Amino acid sequence: MYYHPADTTLIYNTINKEQIENLWYETHYFQQISLAKEDKDRLKPLQERITLNRPAQAFLDGLLEEREHYLTQLSSTHELAVLKGTIKARLVHGMGA
């Protein structure tokens, strides 16, 4: 059972989930399965790995490519290092200055 407006739930249930371009909406909006605050299982667990849909992935790839382009132009006057890694624990974004 979804705890959202009937028209929103109907649209969500009938569309192709690949068409959802808002990652927060796709991840969290239909996570709640119970309204009882004392219920420990009132939220569905999030997926361990979240994959982006094609338009979102293409947009992100374009941003990363553009950033790399501008960083390489700085290499004549600055020392740069490109590091790649994966997150092995939880990440809280927006906490830095």
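What you see is a predicted model; the values in this text were computed from it and never measured. (Residues numbered from 1 in each chain as written. Predicted model: local features only at pLDDT ≥ 70, side-chain atom pairs only at ≥ 80, totals over all residues. Heavy atoms only, no water.)

Draft legend 1. Examining the overall build of the chain more closely. For the chain, the helix and strand inventory stands at 3 helices and 0 strands. Secondary structure elements of the chain occur, N-terminal to C-terminal, as α-α-α. The buried share among the 97 residues of the chain stands at 8%. For the chain, the share of sequence-separated contacts (at least 6 apart) that also reach a separation of at least 24 residues comes to 35%. Looking at the chain as shown, the accessible area adds up to about 9200 Å², and 55% of this sits on carbon and sulfur atoms. (Helix = DSSP H or I, 4+ residues; strand = E, 2+ residues; numbered from the N terminus. Buried < 20%, exposed > 50% of the residue type's maximum accessible area, 1.4 Å probe, protein only. Contact = heavy atoms within 4.5 Å. Areas by Shrake-Rupley, 256 points an atom, 1.4 Å probe, with all protein chains shown as cover.)

Draft legend 2. View of a negative patch on the surface. A surface patch of negative charge is lined by Asp61, Glu65, Glu66 and Glu68. Taking relative accessible area as the criterion, aspartate 61 reaches 39% and is therefore assigned partly exposed. (Patch = residues over 30% accessible without salt bridge, like charges linked within 9 Å, V, L, I, M, F, W, Y side chains within 5 Å. Salt bridge = Lys/Arg side-chain N within 4 Å of Asp/Glu carboxyl O. Lys, Arg positive; Asp, Glu negative; His and termini not counted. Charge placed at Lys NZ, Arg CZ, Asp CG, Glu CD.)

Draft legend 3. Representation of a nonpolar patch on the surface. Side chains of Phe59, Leu60, Leu63 and Leu64 sit close together on the surface and give an oily, nonpolar patch of about 370 Å² of accessible area. As for its position among the elements, leucine 60 is in helix α3 (residues 54–74).

Draft legend 4. Fine view of the confidence of the model for the chain. Overall, the prediction assigns the chain a mean pLDDT of 79, with 87% of residues at 70 or greater. Mean pLDDT in the chain bottoms out at helix α2 (residues 23–28), which sits at 70, and peaks at α3, which reaches 89. (pLDDT = per-residue confidence, 0-100.)

Draft legend 5. Main features of the environment of valine 82. The topology assignment puts valine 82 in the segment after α3. Between the C-alpha atoms of valine 82 and threonine 72, which are 10 residues apart in sequence, the distance is 9.8 Å.

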